[in-house]
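Residue-level listing of the chains:
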Amino acid sequence: MSKLSLDRILQSQGFGTRKYCRALIEDGDVAIDGVVQDNYKATLETEGLVLEVFGEQWVVRERVYIALYKPSDYECSRKPSHHPGVLTLLPEQFTWRDVQPVGRLDHDTTGMLLMSDDGPFIHAQSSPKRHVPKVYLATTAEPVTDALVAQLLAGVQLHDEPAPLAAVTCIKRGEHQLEIVLEQGKYHQVKRMLAAAGNHCAALHRSAIGQLELASLGIGEGEWCYLTPEQLALLAPA
Ligand code: URA
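Residues numbered from 1 in each chain as written. Predicted model: local features only at pLDDT ≥ 70, side-chain atom pairs only at ≥ 80, totals over all residues. Heavy atoms only, no water.

Participant: Can you tell me about the pattern of salt bridges, naming the residues and giving the values?
Facilitator: Tallying each qualifying case throughout the model produces nine salt bridges. Its salt-bridge partner being Asp 108, residue Lys 191 comes within 2.7 Å of it at the nearest N-O pair. Here the residue Lys 191 occupies a position in helix 6 (residues 189-196), and Asp 108 occupies one in the loop between strand 8 (100-101) and strand 9 (109-116), the gap between them amounting to 83 residues. Measuring nitrogen to oxygen at the nearest pair gives 3.1 Å for the salt bridge that ties Glu 179 to Arg 173. When its relative accessible area of 18% is taken as the criterion, Glu 179 is described as buried. The network of salt bridges with shared partners includes Asp 7, Arg 18 and Arg 22. (Salt bridge = Lys/Arg side-chain N within 4 Å of Asp/Glu carboxyl O. Helix = DSSP H or I, 4+ residues; strand = E, 2+ residues; numbered from the N terminus. Buried < 20%, exposed > 50% of the residue type's maximum accessible area, 1.4 Å probe, protein only.)

Participant: Please provide a residue-by-residue account of the site of the ligand, values included.
Facilitator: Around the ligand, the neighbouring residues are Leu 105, Asp 106, Thr 109, Tyr 136, His 188, Gln 189, Val 190, Lys 191 and Leu 204. A distance of 2.7 Å separates a nitrogen atom of the ligand from a polar atom in the side chain of Asp 106. Backbone polar atom of His 188 to an oxygen atom of the ligand: 3.2 Å apart, as the coordinates give it. Relative to its unbound accessible area of 240 Å², the ligand is 95% covered by the protein chains. Taking a 2 Å distance to the grid points as the criterion, the majority of the atoms of the ligand fall inside the largest pocket. Top element by residues in the shell around the ligand is helix 6. It accounts for three residues. (Near = heavy atom within 4 Å. Polar contact = N/O pair within 3.5 Å; in protein donor to acceptor, adjacent residues only side chain to side chain. Areas by Shrake-Rupley, 256 points an atom, 1.4 Å probe, with all protein chains shown as cover. 1 Å grid on protein atoms, 1.4 Å probe; cavity = no way out; pocket = protein on both sides within 12 Å on 5 of 7 lines; lining within 4 Å. Sits in = over half its atoms within 2 Å of the grid points.)

Participant: Report on the layout of surface pockets, specifying residues and quantitative values.
Facilitator: Any empty space left between the atoms is revealed when a probe the size of a water molecule rolls over them. Space inside the largest pocket adds up to approximately 780 Å³. In this structure, the largest pocket is lined by 34 residues; those nearest its centre are Gly 103, Arg 104, Leu 105, Gly 185 and Lys 186. Residue assignment for the lining of the largest pocket shows that the elements contributing at least two residues are strand 9, helix 4 (119-126), strand 10 (134-140), helix 6 and strand 13 (201-209). Domain assignment of the residues forming the lining of the largest pocket places at least three in each of domain 2 (65-128 + 212-233) and domain 3 (133-209). (Points joined across faces, edges and corners; volume = space filled by probe spheres on them. Domains from an automatic or database assignment.)

Participant: Can you lay out the sheet that holds strand 6 (residues 56-59) for me, pointing to particular residues and giving the numbers?
Facilitator: With antiparallel pairing, the four strands of this open sheet are ordered in space as 3-2-5-6. Among the strands making up the open sheet, the edge pair consists of strand 3 (35-36) and strand 6. As paired elements, strand 2 (residues 30-32) and strand 3 share two bridges and run antiparallel to each other. Each bridged residue has a counterpart across the sheet, and for Ile 32 the counterpart in strand 3 is Val 35. (Pairing = 2+ DSSP bridges.)

By themselves, these observations are geometric and do not establish any function.
Below, the structure is given as structure tokens:
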């Protein structure tokens, strides 16, 4: 973190253009510890800074690392076409500061979606070289059989892939429930692997990334939280 003028700090946090941020400050809408700050040129240390904007606390963060519990019928794409985008579930400041999903979940997939405005983090986390295990719970149209589990563990050939893709682990969790762990993140991978193995994915949920479990975050569907450094460390490859 560093020293910046108040208008630049507000802009970096996604409150709008520099001009708009200056206007907010001059209008008396920004305070620190209850004291209105109306000088946009005031230089402040950003480390540990907590602003009050329109009376609401805003902890200044250089970069944000977020986990969203994605509901069904939201798109991860930047320009969603058939459903609202996942960014609509977050404060609008995050759109301004270019927070993006780390990888994609299909519009009908629920579960953990990481989001950040840290480009190198997004790149590293979504790199196929990283081998971060992702845990999915699939509801299958046909019953889960031992043969299905064996096939997914051995590897199934998808049309546009040079080699068969295999699950890291695959466990029957119910008559129509399969927990499947993948290290790659190919397009529609779980659905296509299930189809290639002769079944069909009726619903899909991502319950964990690396060692970070969605259930441990205490958020419900449609909710999000900042990730702590300890939680981020759990995203490392096994
Ligand atoms: N595999 C899929 O088929 N869909 C997802 O959303 C994620 C993994």
